[in-house]
Amino acid sequence: MDQSHNEPLMDDLDQPVRRTRRRFGTLSFVLRSKSSAISLLIISAFGLVAILAPLLAPHDPWRLSFKRNLPPAWVQQSSRPGEAQFLLGTDTQGRDVASRLIYGARTALFIALLAAPLTAIFGTLIGLVAGYAGGWAENLLMRGTDIFSAFPAIMFAIAVVLILRESPISRPLNGMLVLVIAFVLIGWVGLARIVRGAVLSQKQELYVEAARQLGMSHRRILFRHILPNCLALVIVWLMAAISRVIILEAFLGYVGLEVGTSTRGLEFAAMSWGGLFFEGRTLIHANPIVLIAPSVCVILVAVSFTLLGDRLRDALDPRLRSMA
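Participant: Just checking my understanding: could you explain the overall build of the protein for this structure?
Facilitator: Of regular secondary structure, the protein possesses 14 helices and 0 strands. Looking at the protein as a whole, 44% of its 324 residues qualify as buried. Of all intrachain contacts in the protein linking residues separated by at least 6 positions in sequence, the fraction that spans at least 24 positions is 71%. For the protein, the accessible area works out to roughly 17400 Å², and carbon and sulfur atoms hold 66% of it.

Structure below.
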């Protein structure tokens, strides 16, 4: 039997093996860095806490009590000493701070892991079409990008939350959908420009011209050939965007823009780090841990995603990887 006929078949069979080797090689490269390995461990720990929140939380985060403004359990030298059942003390309404902190991890990661990928999809599509189509389509899309980039991101997010917080859109997901929409509407601008620049560069490559000569459709060229060469940039941007979403949620909570119209009233505020920030403003002297604890959590998660994104950029860029 002629071996030349078997070579294409063997190549097809080897492709999954090569892809698996590349993935393990990328993971191995990421884990060789102590900072990225620690970052991955921190992210995994917070993810596990978010998943197991009902089992780990010592109390119901919505349960009110008369034991208000209690200090942490280790503070005993005061007129109102801490109690062992409330490890980090209680807030102004008697809710357990530790339980709220644990459930806050679930809320922060849920919002970030929903908003950042949606923003990445939207921004990538805008950048792909603008860079590949050119002409009037590119001008229209990029002028729209310029308009959105003219708004300060924080002020735009605040405006969206204020407009939508009393609308029917705020009912799904206990109001968290409003924060997702706010980030998607303003967060796609930077990625669209990045992807457009990458597409303009890739469009000049010989493989694109060869695909055109073979009669491939624009859609196939764009999504099967150009997009895979831009994914490294998208992945790195996505990791940084997750950090920005978590920080945005905390900031909006700090300025008092909690959202949520559930039957339990304060459900979103009780389950978010932003809600703890808002409570911590008034308890900064009586129980500073209410402000310190969510601050540490936000810093740890945000910095971990940022460091992991930087290492992934090095892993996915052959030039940077060879220098490491």
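Participant: Is there a simple way to think about the layout of surface pockets in this case?
Facilitator: To find leftover empty space, one rolls a probe the size of a water molecule over the atoms. Considering only enclosed or pocket space, the second largest pocket measures out at about 270 Å³ in volume. Taken together, 16 residues form the lining of the second largest pocket, with Ala153, Phe183, Ile186, Gly187 and Arg244 sitting closest to its centre. Secondary-structure elements contributing two or more residues to the lining of the second largest pocket are helix 5 (135–149), helix 6 (153–164), helix 7 (176–202) and helix 10 (231–254). By residue class, the composition of the lining of the second largest pocket is 12 nonpolar, 3 polar and 1 charged.

Participant: It is not clear to me how the packing of helix 4 (residues 97–133) against helix 5 should be interpreted in this structure. Could you clarify?
Facilitator: In helix packing, the relevant descriptors are the interaxial angle and the interaxial distance, both defined with respect to the helix axes. Relative to each other, helix 4 and helix 5 sit at 140°, their axes nearing to 7 Å. In terms of orientation, helix 4 and helix 5 fall into the oblique class. As helix 4 packs across helix 5, the resulting crossing turns out to be left-handed. Here Ile126, Val129, Ala130 and Ala133 of helix 4 come into contact with helix 5, specifically with Gly135, Ala137, Glu138, Leu141, Met142 and Thr145. Its residues assigned to classes, the contact of helix 4 with helix 5 comprises 7 nonpolar, 2 polar and 1 charged.

Participant: What's the story with empty space enclosed by the protein in this structure? I'm lost.
Facilitator: Counted according to the given criterion, the structure contains 1 cavity of 30 Å³ or more. Residue lining of the largest cavity: His59, Asp60, Arg63, Leu64, Ser65, Phe86, Gly94, Arg95 and Asp96, and that is the complete set.

Participant: What is the right way to look at the environment of Phe156 in this model?
Facilitator: With respect to the element layout, Phe156 can be found in helix 6. Sequence separation of Phe156 and Leu185 is 29 residues, and the distance between their C-alpha atoms is 8.8 Å. With sequence-adjacent residues up to four places away left out, Phe156 is seen in contact with Phe148, Phe151, Leu185 and Ile186.

Participant: When you look at a nonpolar patch on the surface in this model, what are you seeing that I'm missing?
Facilitator: On the surface, a cluster of nonpolar side chains totalling about 520 Å² of accessible area is made up of Leu48, Ile51, Leu52, Leu55 and Leu56. Within the residue set of the nonpolar patch, elements represented by two or more residues are helix 2 (34–51) and helix 3 (53–56).

Participant: Help me understand the side chain of Glu138, please; the structure alone is not making it clear to me.
Facilitator: Structurally, Glu138 is set in helix 5. Look at Glu138 and you get buried, because its relative accessible area is 14%. In this structure the side chain of Glu138 is engaged in a polar contact, spanning 2.7 Å, whose partner is the side chain of Arg196. Leaving out residues up to four positions away in the same chain, Glu138 has contacts with Ala130, Arg196 and Leu200.

Participant: When you look at helix 6 in this model, what are you seeing that I'm missing?
Facilitator: For an α-helix the count is 3.6 residues per turn, leaving residues at separations of three or four pointing the same way. In a regular helix each residue adds 1.5 Å, so 12 residues correspond to 16 Å; helix 6 covers 17 Å between its end C-alpha atoms and thus fits that length. Within helix 6, burial applies to Phe156, Ala157, Ile158, Val160, Val161 and Leu164. Close packing links the buried residues of helix 6 with helix 5, helix 7 and helix 10.

Participant: Whenever I open this one, the packing of aromatic side chains confuses me. Can you help?
Facilitator: How two aromatic rings sit relative to each other is given by the distance of their centres and the angle of their planes. For the structure on display, the rule yields 7 aromatic pairs. Relative to Trp188, the ring of Phe148 has its centre 5.4 Å away and its plane inclined at 65°; by these criteria the two rings are edge-to-face. Residue Phe148 is located in helix 5, and its partner Trp188 is located in helix 7; the two are separated by 40 residues in the primary sequence. With centroids separated by 5.6 Å and ring planes inclined at 45°, the aromatic side chains of Phe151 and Phe156 adopt a geometry described as tilted. Since its relative accessible area comes to 16%, Phe156 is described here as buried. In textbook terms, an aromatic cluster arises when at least three aromatic residues are bridged by ring pairs, as seen for Phe122, Phe148, Phe151, Phe156 and Trp188. Positioned above the aromatic ring of Tyr254 is the side chain of Arg281, whose terminal nitrogen or guanidinium carbon lies 5.6 Å from the ring centre.

Here is what the cut-offs are and how they apply
Residues numbered from 1 in each chain as written. Predicted model: local features only at pLDDT ≥ 70, side-chain atom pairs only at ≥ 80, totals over all residues. Heavy atoms only, no water. Helix = DSSP H or I, 4+ residues; strand = E, 2+ residues; numbered from the N terminus. Buried < 20%, exposed > 50% of the residue type's maximum accessible area, 1.4 Å probe, protein only. Contact = heavy atoms within 4.5 Å. Areas by Shrake-Rupley, 256 points an atom, 1.4 Å probe, with all protein chains shown as cover. 1 Å grid on protein atoms, 1.4 Å probe; cavity = no way out; pocket = protein on both sides within 12 Å on 5 of 7 lines; lining within 4 Å. Points joined across faces, edges and corners; volume = space filled by probe spheres on them. Nonpolar A, V, L, I, M, F, W, Y, C, P; charged D, E, K, R; others polar. Axes fitted to C-alpha atoms, helices over the stretch in contact; angles between N-to-C directions. Parallel < 35°, antiparallel > 145°, perpendicular 65-115°, else oblique. Left-handed = near helix turned anticlockwise from the far one by under 90°. Patch = residues over 30% accessible without salt bridge, like charges linked within 9 Å, V, L, I, M, F, W, Y side chains within 5 Å. Salt bridge = Lys/Arg side-chain N within 4 Å of Asp/Glu carboxyl O. Polar contact = N/O pair within 3.5 Å; in protein donor to acceptor, adjacent residues only side chain to side chain. Expected span 1.5 Å × (residues − 1). Phe/Tyr/Trp six-rings, centres within 6.5 Å; stacked < 30°, edge-to-face > 60°. Lys NZ or Arg CZ within 6 Å of the ring centre and 35° of its normal.

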